[in-house]
Amino acid sequence: MTGLDDSKVRLFFAVVPDAATRERIADAAASLPLESEARLVPRNNYHMTLAFVGEVAAPQIQSLQQIGGAQRTTAFALRFESYEYWPKPEVVVAASRTIPPPMEQLWQQLHRDLAEQQWVLDAKRLRPHVTLARKVPQAPVLQAMSSFEWLVRDFCLMRSDTSGPQPAYTVVDTWSLLDNREKA
Ligand code: 2AM
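It should be emphasised that the depicted structure is a prediction, and the values quoted were computed from it without experimental measurement.

Visitor: I tried to follow the overall build of the chain on my own but got confused; where do I start?
Guide: Across its full length, the chain carries three helices and 10 strands. Its helices and strands in sequence order give the chain the pattern β-α-β-β-α-β-β-β-α-β-β-β-β, from N to C terminus. The dimensions of the chain, computed from C-alpha atoms along their principal axes, are 45 × 40 × 30 Å. Put simply, the chain has 184 residues, and 46% of those count as buried. Counting only contacts in the chain whose residues sit at least 6 apart along the sequence, the fraction spanning at least 24 positions is 77%. Only carbon and sulfur atoms are counted for the fraction: they give 47% of the accessible area of the chain, which is about 10300 Å². When the 20 basic and 21 acidic side-chain charges of the chain are each reduced to a single mean position, those positions are 3 Å apart.

Visitor: Help me understand the site of the ligand in this model?
Guide: The environment of the ligand is formed by Arg10, Phe12, His47, Thr49, Phe52, His129, Thr131, Arg134 and Tyr169. At 2.4 Å from an oxygen atom of the ligand is found a side-chain nitrogen or oxygen belonging to Thr49. For the ligand, an oxygen atom lies 3.1 Å from a polar atom in the side chain of Arg134. Protein chains shield 66% of the accessible area of the ligand, which is 460 Å² for the free molecule. Of all elements in the fold, only strand E1 (9-15), strand E3 (48-56) and strand E7 (129-134) reach the threshold of two or more residues within the shell around the ligand. When residues of the shell around the ligand are assigned to their parent elements, the largest contribution, three residues, is made by E7.

Visitor: Looking at this structure, I do not really get the pattern of salt bridges. What am I missing?
Guide: If charged atoms from side chains of opposite charge come close, those side chains can pair. Scanning all chains against the criterion turns up five salt bridges. Among the salt bridges present, the one from Arg10 reaches Glu55, with a minimum N-O distance of 3.3 Å. Placement of the pair is Arg10 in strand E1 and Glu55 in strand E3, with a sequence separation of 45 residues. The partner of Arg127 in a salt bridge is Glu84, and the shortest N-O contact between them spans 4.0 Å. Of this pair, Arg127 sits in the loop between helix H3 (101-116) and E7 while Glu84 sits in strand E5 (residues 82-86), and the two are 43 residues apart along the sequence. When its relative accessible area of 39% is taken as the criterion, Arg127 is described as partly exposed. Residues joined in a network through salt bridges with shared partners are Glu84, Arg97 and Arg127.

Visitor: Please explain unusual backbone geometry as it appears in this structure.
Guide: Outside of glycine, negative phi angles account for most residues, and trans bonds account for most peptide bonds. Positive phi is not limited to glycine here, since Glu90 has a value of about 55°. Unusually for a residue other than glycine, Gln118 sits at a positive phi of about 70°. Looking at the element boundaries, Gln118 is found in the loop between H3 and E7.

Visitor: Even after reading the chapter, I still don't get the environment of Gln60, so can you show me in this structure?
Guide: Mapping Gln60 onto the fold places it in the loop between E3 and helix H2 (61-69). Residue classification places Gln60 among the partly exposed positions, given a relative accessible area of 36%. For the pair Gln60 and Lys8, spaced 52 residues apart in the sequence, the C-alpha separation amounts to 9.6 Å.

Visitor: So what exactly am I meant to see when it comes to the sheet that holds strand E6 (residues 91-95) here?
Guide: In a beta sheet, neighbouring strands pair by backbone hydrogen bonds and run either parallel or antiparallel. Across the sheet, four strands lie side by side as E2-E7-E6-E5; this open sheet has antiparallel pairing. The strands lining the two open edges of the sheet, one partner per strand, are strand E2 (39-40) and E5. Here two bridges tie E2 to E7, and the two strands are oriented antiparallel to one another. Bridged to Arg39 within E7 is Arg134.

Reading the values: the criteria
- Residues numbered from 1 in each chain as written.
- Predicted model: local features only at pLDDT ≥ 70, side-chain atom pairs only at ≥ 80, totals over all residues.
- Heavy atoms only, no water.
- Helix = DSSP H or I, 4+ residues; strand = E, 2+ residues; numbered from the N terminus.
- Buried < 20%, exposed > 50% of the residue type's maximum accessible area, 1.4 Å probe, protein only.
- Contact = heavy atoms within 4.5 Å.
- Areas by Shrake-Rupley, 256 points an atom, 1.4 Å probe, with all protein chains shown as cover.
- Lys, Arg positive; Asp, Glu negative; His and termini not counted.
- Charge placed at Lys NZ, Arg CZ, Asp CG, Glu CD.
- Near = heavy atom within 4 Å.
- Polar contact = N/O pair within 3.5 Å; in protein donor to acceptor, adjacent residues only side chain to side chain.
- Salt bridge = Lys/Arg side-chain N within 4 Å of Asp/Glu carboxyl O.
- Pairing = 2+ DSSP bridges.

Shape descriptors only; they carry no functional weight alone.
Written as structure tokens, this is what we have:
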């Protein structure tokens, strides 16, 4: 754990892409037809959120790290195959519509463990996605997306600093998912 002071920090569990996947995501983002007010997510900020926890006081971070470290899910692969426009948050995302069972298990268990520690999140269901662009007030005409696979071998607890023009994300802790051969 680095760079955390006594004040509250904004935390979330997420998967960060490897370099090759980051390139595929950037390719998908580059093909988007966007109006000038839209903001492409900087490529260093790409992530797939698993659970947005929100503002957390420093002494509580340890309990989140324990929850992350307690997960026993195998690695999984996801295929991102389409763009989606989500009008409420005004974002365009790259979406994966087929959810691998280990990912559903990780999502369910994380939310159960968080709820047990009084972290009740408002997420209703898992919708695997990577946000590509924000501040998109109207649905763009979206073409077919060149699909790509993302092999997920680990996940992180991330800190989000929203004080600048773009959020700055830092990894607080990372946990490897289990190899398929060493199932819990
Ligand atoms: P996203 O994953 O759909 O892009 C860090 O703030 C990440 O947590 C964001 O990328 C964001 O969406 C996700 N998130 C989910 N719920 C959020 C909320 N209520 N407030 C801020 N971010 C949220």
